[in-house]
Amino acid sequence: MSLPSDFLWGFATASFQIEGATKQDGRGPSIWDTFCAVPGKIAHGANGDIACDSYNRTAEDIELLKKLGSKCYRFSLSWSRIIPLGGRNDPINQKGLDHYVKFVDDLLEAGITPFITLYHWDLPDELDKRYGGLLNRTEFPLDFENYARVVFKAIPKCKNWITFNEPWCSSILAYSTGFFAPGHTSDRKKSPIGDSSREPWIAGHNLLVAHGRAVKVYREEFKPNDKGQIGITLNGDYTYPWDPEDPADVEACNRKIEFAISWFADPIYFGKYPDSMLKQLGDRLPTFTDEERGLVQGSNDFYGMNHYTADYVKHKTGTAPEDDFLGNLETMSYNKAGDCIGPETQSFWLRPNPEGFRALINWLSKRYGYPPIYVTENGTSIKGENDLPKDDILKDGFRTKYFHDYAHALADAVSKDGCNVKGYMAWSLMDNFEWAEGYETRFGCCHVDYENGQVRTPKESAKKMKPLFDSLIAKS
Ligand code: PNW
């Protein structure tokens, strides 16, 4: 057996993608509610008003998790349900908070270990309007710290905390490409506001400081009694050189991972930004004050890893344009020899490449000293899945194979390479609101019937998850 007997596995979701009930029980609007209302931002003008209606179906979702054998469940909290206006001097909405307290009680009662993400992109809209949200270096970290404290205090039974989901997406997709809320970009055809050369780097910096503040609060005020752990979740692809003979492509591969992952992980583990980023971005990358560095360095109890795909990387020559965020390189699906990285999916950025998963786990482990890793997301969409009749959607052999291959790659990273991976959460428990792609792209292991009362039906991939992990995990 390749994985230790205490290895955790389960499924993941996020509040805005599944909850719906956006106006229920005193929830305030988030930037995603506002963004969805802007014509042209979301496929087919979709929004999160109903989504999977999970806010009203917690018992059903827990039953589903139990039936699938899920040992843990990663979900996120809607900040604006708990503090509708978001700020540290704004009122708390007890109903919203109680909802999550009960949900955690019910999960534990069902024998499922909760992993709570505090922030999965749905910032209270008021904070964006009040002071520019993530762009505000003093207010945002302090308001996040307050929100985190409110939640830690109310939910001592949760022992696994993730501060931020994918700060890369919150910075680049929200402040450079404008693809995600609040949609800032330098491209004036897409947005009246934004500066892609500076804002993403400022947002990223402030996210790191906010993470550091929340971790300090947890460690000083709660961890001694509650004995939980806290970390951040970062996303990143593995990379292969387009031309393995070209040292510049080999170097660009490393740089691509640094721009995606080490942007956040280096400050957390080493207290500084990667040299490659400093070199390209210069003073557009904020400088850590001593206080900020003290908050950020050493602030991970574990590394949360979201991973989906790999790319071939070709270096570019000359000075990078000001809106470049990849590290002056191109990503491609084919290499020089004509090999393909993996088959197409419904997501333009995702092609399965399980070997890259094992390789990236090794890359991270080596660079950051073999930290405990929880894979907090991994999964795939399927090209054309949404166009199929429901019965065919349920036979998701492509996704089933993806999970099989990726789980085996992970098991090899643990048993053959000595990496310290402690858990795995598949994205996603069910089909849900896939951000700018609306409900067109399905990532679920369970089908959600949006036309007929949001009924959940396990696909083949959901049913095969337990046998898959049973075959890899040692019996205690
Ligand atoms: C992650 N990219 O997002 C998120 O954490 C989930 O909420 C999301 O549903 C899931 O992956 C599937 O998309 C990403 O463009 C979105 O590279 C886009 C990218 C990466 C991750």
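Residues numbered from 1 in each chain as written. Predicted model: local features only at pLDDT ≥ 70, side-chain atom pairs only at ≥ 80, totals over all residues. Heavy atoms only, no water.

(A) Main features of the packing of aromatic side chains. A complete count under the given rule lists 52 aromatic pairs for this structure. Ring geometry for Phe16 and Phe433: centres 5.4 Å apart, planes at 80°, overall edge-to-face. Residue Phe16 is located in helix 1 (residues 15-18), and its partner Phe433 is located in the loop between strand 11 (421-427) and strand 12 (446-449); the two are separated by 417 residues in the primary sequence. Accessibility assignment for this pair places Phe16 and Phe433 in one class, buried. Grouping aromatic residues by their ring pairs yields a cluster made of Phe16, Trp32, Phe35, Trp121, Phe179, Phe180, Phe433, Trp435, Tyr439 and Tyr450. (Phe/Tyr/Trp six-rings, centres within 6.5 Å; stacked < 30°, edge-to-face > 60°. Helix = DSSP H or I, 4+ residues; strand = E, 2+ residues; numbered from the N terminus. Buried < 20%, exposed > 50% of the residue type's maximum accessible area, 1.4 Å probe, protein only.)

(B) Quick look at the packing of helix 9 (residues 199-226) against helix 10 (residues 247-270). In contact at an axis separation of 10 Å, helix 9 and helix 10 are set at 40° when each is read in the N-to-C sense. Between helix 9 and helix 10, the crossing angle belongs to the class labelled oblique. Handedness of the crossing formed by helix 9 with helix 10: right-handed. Of the residues in helix 10, those in contact with Pro200, Trp201, Gly204, Leu208 and His211 of helix 9 are Phe259, Trp263, Phe264, Pro267 and Ile268. Split into classes, the residues belonging to the contact of helix 9 with helix 10 amount to eight nonpolar, two polar and no charged. (Axes fitted to C-alpha atoms, helices over the stretch in contact; angles between N-to-C directions. Parallel < 35°, antiparallel > 145°, perpendicular 65-115°, else oblique. Left-handed = near helix turned anticlockwise from the far one by under 90°. Contact = heavy atoms within 4.5 Å. Nonpolar A, V, L, I, M, F, W, Y, C, P; charged D, E, K, R; others polar.)

(C) Here's a closer look at the environment of Asp122. Tracing the backbone shows Asp122 in the loop between strand 3 (113-119) and helix 6 (125-131). Note on Asp122: relative accessible area 1%, which makes it buried. The sequence separation of Asp122 and Thr441 amounts to 319 residues, and the corresponding C-alpha distance is 20 Å. Sequence-distant contacts of Asp122, defined by excluding residues within four places in its chain, comprise Ser15, Phe16, Ser30, Trp32, Leu77, Ser78 and Trp79. A polar contact is formed between the side chain of Asp122 and the side chain of Ser15, at a distance of 2.6 Å. (Polar contact = N/O pair within 3.5 Å; in protein donor to acceptor, adjacent residues only side chain to side chain.)

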